[in-house]
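Observations on the model geometry
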Amino acid sequence: MANELTVYQSVIDDVKGIISSGMESAYNATSRAMVLTYWNVGRRIVEQEQNGNQRAEYGTAMMDALAAELTKEYGKSYSKRNLQYFRKFYQCFPDIEIVNSCVHNPLQIEKGGEDE
């Protein structure tokens, strides 16, 4: 058995590399989607709170209602505290282009490194 493993070791290593690369790509895509989801949730909250005004009227019951409804359906990731973080995230980075440039894409970095 050990001899057969040695004969096929290059194929085994290649397949392991393919699987690892695919898993890493999936994790990165998921992370990117989560960051953009949180940013968009924060944007929507700010838009609702400000209602077209320059500053929001704080103390509204909207965050409580939103958190209660979202945690029922999606779990603790959408608690009031996290929704406040999403809102703050959007307020700190209101330009989606900045967010997109900060959420790197490892496949583009690898490709860019080869072309240079």
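Residues numbered from 1 in each chain as written. Predicted model: local features only at pLDDT ≥ 70, side-chain atom pairs only at ≥ 80, totals over all residues. Heavy atoms only, no water.

It is worth spelling out the pattern of salt bridges at this point. Where charged atoms from two side chains of opposite charge approach closely, those side chains can pair. All told, the structure shown has 4 salt bridges when counted by the stated rule. Among the ionic pairs, D64 bridges to K80, the shortest N-O distance being 2.9 Å. Linking D64 in helix α3 (residues 62-74) with K80 in helix α4 (residues 80-92), this pair joins segments that are 16 residues apart in sequence. A relative accessible area of 42% means that D64 is categorised as partly exposed. One salt bridge in this structure joins E69 and K72, with 3.5 Å as the shortest N-O distance. A residue pair is termed a helical-turn pair when its members lie 3 or 4 positions apart in one helix, as E69 and K72 do in helix α3 at 3 residues. Taking relative accessible area as the criterion, E69 reaches 44% and is therefore assigned partly exposed. (Salt bridge = Lys/Arg side-chain N within 4 Å of Asp/Glu carboxyl O. Helix = DSSP H or I, 4+ residues; strand = E, 2+ residues; numbered from the N terminus. Buried < 20%, exposed > 50% of the residue type's maximum accessible area, 1.4 Å probe, protein only.)

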